[in-house]
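# Notes for the structure review
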Amino acid sequence: MSEDKIIDLFKKPSQNTNNEKQRFFKGFQYVKLSRDENGNYFNEELLRDFADKCFYIVSVMRKVGIGVAIYKYKVPNESLLRFLDRFKNNKSYGEIIDIERYIPDDLA
């Protein structure tokens, strides 16, 4: 059995080993990836096909009576921005507390 390594892509690089600058876009830190784990360049068509088949599980916290409840929505990839926009514009009640990507078993 192989050991899985978790890499923190946003860990501040040590000044002794790395001269890379931290990158930000509109106040958000990001990492640019040009190749997959095998060293191959990404294929635009394959990435789009994969994304179209994925869903997101969006957890929304809402006050119910004297407590709170969590509602979990299964949102298709193509509808995610529209779903999030409803909360941004206060058209839906609740607070988004988690977004998790859901990959159907037949894609794995």
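Note: the structure precedes this text.
Attention here is on the structure that accompanies the text. (Residues numbered from 1 in each chain as written. Predicted model: local features only at pLDDT ≥ 70, side-chain atom pairs only at ≥ 80, totals over all residues. Heavy atoms only, no water.)

Considering the arrangement of structural elements, one finds S59 in strand β3 (residues 55-64). By relative accessible area, which is 4% here, S59 ends up buried. Here the side chain of S59 touches K72 through a polar contact of 3.4 Å, side chain to side chain. Sequence-distant contacts of S59, that is, excluding residues within four places in its chain, are made with I70, Y71, K72, E95, I96, I97 and D98. (Helix = DSSP H or I, 4+ residues; strand = E, 2+ residues; numbered from the N terminus. Buried < 20%, exposed > 50% of the residue type's maximum accessible area, 1.4 Å probe, protein only. Polar contact = N/O pair within 3.5 Å; in protein donor to acceptor, adjacent residues only side chain to side chain. Contact = heavy atoms within 4.5 Å.)

Looking at where K74 falls in the secondary structure, it is placed in strand β4 (residues 67-76). In this structure, the C-alpha to C-alpha distance between K74 and R101, residues 27 residues apart in sequence, is 9.6 Å. Discounting residues that sit within four places of it in the chain, K74 has contacts with F55, Y56, I57 and Y102.

Residue K26 is not a glycine yet carries a positive backbone phi of 50°. Inspection of the secondary structure puts K26 in the loop between β1 (23-25) and β2 (28-30). Relative accessible area serves as the criterion here: at 70%, K26 is assigned to the exposed category.

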